[in-house]
Amino acid sequence: MDVIYRVAEKLGKMPVFVKKDIPRLREQPAPVCGFREALHLVETGVVSAQDVDRTLKCGVGFRYPWLGPLETADLGGLEIFHGISQYLFKELSR
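Worth saying up front: this structure is predicted, and the values here are computed from it rather than measured. (Residues numbered from 1 in each chain as written. Predicted model: local features only at pLDDT ≥ 70, side-chain atom pairs only at ≥ 80, totals over all residues. Heavy atoms only, no water.)

To continue, consider the overall build of the protein chain. Scanning the protein chain from terminus to terminus reveals five helices and zero strands. Counted from the first residue to the last, the protein chain has its helices and strands arranged as α-α-α-α-α. For the protein chain, the residues scored as buried account for 18% of the 94 residues in total. Considering only contacts within the protein chain whose residues lie at least 6 apart along the sequence, 48% involve residues at least 24 apart. Here the protein chain has roughly 7300 Å² of accessible surface; of this, 61% comes from carbon and sulfur atoms. (Helix = DSSP H or I, 4+ residues; strand = E, 2+ residues; numbered from the N terminus. Buried < 20%, exposed > 50% of the residue type's maximum accessible area, 1.4 Å probe, protein only. Contact = heavy atoms within 4.5 Å. Areas by Shrake-Rupley, 256 points an atom, 1.4 Å probe, with all protein chains shown as cover.)

Here is the structure:
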C-alpha cells in the first residue's frame, strides 16, 4: 500500500488509505449518497428534479459540470441505478 500511495502522489493524485473494507466504499459513496439525497428532496416535494440538477451543476464545482445526479442516473440507465439502490441504500443507512 505504501508503494502505491507514493506512486499516486508522484502522479499528482491525492490518495487516501481505506482502513476498513465496507460494501458502500466499493461503490463510490459520495455520488450514491448525493443521488439518494437528491431523490429524497424530489420525493418529499422540496424541489423539482430539474432544480436539483441545476443547483448541483451551478454550485458544487467540477463533479457535476454538465449533468446533475438525476440526469446522470437517467443517462446511465434508471434500471441500473434502481438495482444498485435496492441493496446499497440499505448499507448507507447503517
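What follows covers a nonpolar patch on the surface. Nonpolar side chains collect at one region of the surface, where Val3, Val7 and Leu11 lie side by side and expose about 290 Å² of accessible area between them. Inspection of the secondary structure assignment puts Leu11 in the loop between α1 (2-10) and α2 (29-43). Taking relative accessible area as the criterion, Leu11 reaches 62% and is therefore assigned exposed. (Patch = residues over 30% accessible without salt bridge, like charges linked within 9 Å, V, L, I, M, F, W, Y side chains within 5 Å. Salt bridge = Lys/Arg side-chain N within 4 Å of Asp/Glu carboxyl O.)

A few words now on helix α4 (residues 69-76). The set of residues buried in α4 consists of Pro69, Leu70 and Ala73. Projected onto a plane normal to the axis of α4, the buried residues spread over an arc of 100° and lie on a single side. Pointing more than 90 degrees away from the buried face of α4 are the exposed residues Asp74 and Leu75. One or two positions beyond α4, positive phi appears at Gly77, with a value near 110°. (Arc of directions from axis to C-beta.)

For Ile4, the location among the structural elements is in helix α1. Sequence separation between Ile4 and Pro15 is eleven residues, and the spatial gap between their C-alpha atoms is 8.9 Å.

Residue placement: Asp53 occurs in helix α3 (residues 49-59). Apart from residues no more than four positions distant in its own chain, Asp53 is found in contact with Gly68, Pro69, Leu70 and Glu71.

Within the largest apolar cluster, six residues are counted, these being Phe35, Ala38, Val52, Leu70, Ala73 and Phe89. Elements represented by at least two residues in this core include exactly α2 and α4. The residues touching Ala73, leaving out its near neighbours within four places in the chain, are Phe35, Leu78 and Phe81. (Core = buried A, V, L, I, M, F, W, Y, C linked by side-chain atoms within 4.5 Å.)

With respect to the helices and strands, Gln50 occurs in helix α3. Take Gln50: its relative accessible area is 55%, and that puts it in the exposed class. For the pair Gln50 and Gly68, spaced 18 residues apart in the sequence, the C-alpha separation amounts to 8.5 Å.

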